[in-house]
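# Close look at the chain arrangement
Here's the letter readout for the chains.
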Amino acid sequence: MAQPSPGNEPVAVEGPVSVVDGWFTVDPPRLTGTRCTACGTVYFPPQTLTCRNPACHGGDLVATPLSSRGRIWSYADARYRPPPPYVSGEEFEPYAVAAVELAAERIIVLGQVVRGVGIADLSVGMAAELVVEELDPGHLVWKWRPLFEEGP
């Protein structure tokens, strides 16, 4: 698979690639947000224009790695194939999604739950950690893995 380089020449990329460039890292798995340098507000997904805090007049945003752990704030199951342009694989299987609150940043991030874990396995307040899994062959996505041993 080839991706454009900064000089627009294709470069070979081995293995799967991120479904959303610049939103997360693989090793270690971390979401990448932005932080306003004036007020400290943190955003995910990353912002590029200006701080959205209505009380802030700052405009400088810097990339910042986010916490890789949080607590499940809410969850649901996805029973229907998402429409294009979303990638959902050849064979669609229902999956769970979780909204996880990152305590340090005080933001909530939505993401799929790892394969093999359904909504019957989840509870509000349960600890979860960020992992990266293949969404389908060739595409990586961040997901939440519940930490059953830590309980709610």
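I will try to describe carefully the structure that is included in this document. Along each chain, numbering runs from 1 in the same order as the chain's sequence is written. Where local features are concerned, this predicted model is filtered to residues with pLDDT of at least 70; where side-chain atom pairs are given and counted, the filter is 80 or more; whole-chain, interface and lining totals use all residues. Each side-chain value is derived from all of the structure's non-hydrogen atoms; neither hydrogens nor water enter the calculation.

## What about the overall build of the chain?
Secondary structure elements follow DSSP: runs of H or I of four or more residues count as helices, runs of E of two or more count as strands, with numbering from the N terminus. If you tally the helices and strands in the chain, you get 0 helices and 12 strands. Reading the chain from its N terminus to its C terminus gives the helix and strand order β-β-β-β-β-β-β-β-β-β-β-β. Under the scheme applied here, a residue whose accessible area is under 20% of the maximum for its type counts as buried, over 50% as exposed, and between as partly exposed, the area being computed with a 1.4 Å probe on protein chains only. Going through the 152 residues of the chain one by one, you find that 37% of them count as buried. Expressed as a percentage of contacts within the chain between residues at least 6 apart in sequence, the contacts between residues at least 24 apart total 51%. Only carbon and sulfur atoms are counted for the fraction: they give 54% of the accessible area of the chain, which is about 9300 Å². Working rule for contacts: check all heavy atoms of both residues, and any pair within 4.5 Å makes them a contact. Accessibility throughout is a Shrake-Rupley quantity obtained with a 1.4 Å probe, and a residue counts as covered only by protein chains that appear here.

## Looking at the packing of aromatic side chains
Two aromatic rings, taken as a pair, are described by how far apart their centres are and by the angle between their planes. Centres within 6.5 Å are what make two rings of Phe, Tyr or Trp a pair, Trp counting through its six-membered ring; a difference in plane orientation under 30 degrees is then read as stacked, over 60 as edge-to-face, and the rest as tilted. Taken as a whole and judged by the stated rule, the model has 5 aromatic pairs. A ring pair is formed by Trp 23 and Phe 44, whose centres lie 5.6 Å apart and whose planes are at 70°; its orientation type is edge-to-face. Taken together, the positions of Trp 23 in the loop between strand S3 (17-18) and strand S4 (24-25) and Phe 44 in the loop between strand S6 (42-43) and strand S7 (61-65) put the pair 21 residues apart, joining distant regions of the chain. Here Trp 23 falls in the partly exposed class, since its relative accessible area comes to 27%. With 6.0 Å between their ring centres and 70° between their planes, Phe 92 and Tyr 95 make a pair best called edge-to-face. Look at Tyr 95 and you get partly exposed, because its relative accessible area is 22%. Ring-pair connections join several aromatic residues into one group, and the members of that group are Trp 23, Phe 24, Phe 44 and Trp 142.

## Considerations on the environment of Tyr 95
Along the chain, the position of Tyr 95 falls in strand S9 (residues 95-102). Contacts of Tyr 95, omitting those with residues within four sequence positions, involve Ala 76, Asp 77, Ala 78, Pro 82 and Gln 112.

## Section: the nonpolar core
The definition of a nonpolar core used throughout is a set of buried Ala, Val, Leu, Ile, Met, Phe, Trp, Tyr and Cys residues joined through side-chain atoms within 4.5 Å. Of all hydrophobic cores here, the largest spans 25 residues; its most connected members are Leu 31, Val 109, Trp 142 and Trp 144. Beyond its immediate chain neighbours, meaning those up to four positions away, Trp 142 contacts Trp 23, Phe 24, Leu 31, Phe 44, Val 109, Leu 110, Gly 111, Gln 112, Leu 130 and Val 131.

## Things to note about unusual backbone geometry
The phi angle of most residues is negative, glycine excepted, and most peptide bonds adopt the trans form. Across the junction of Asp 27 and Pro 28, the peptide omega takes the value 5°, indicating a cis bond. Structurally, Pro 28 can be placed in the loop between S4 and strand S5 (30-36). Each neighbour pair has its own omega, and for Phe 44 with Pro 45 the value is 5°, a cis peptide bond. Mapped onto the secondary structure, Pro 45 falls in the loop between S6 and S7.

## Observations regarding the environment of Leu 130
With respect to the helices, strands and loops of the structure, Leu 130 is situated in strand S11 (residues 127-136). Residues Leu 130 and Ser 68, 62 residues apart in the sequence, show an inter-C-alpha distance of 5.1 Å. Aside from chain neighbours lying at most four places away, what touches Leu 130 is Pro 29, Arg 30, Leu 31, Ser 68, Trp 142, Lys 143 and Trp 144.

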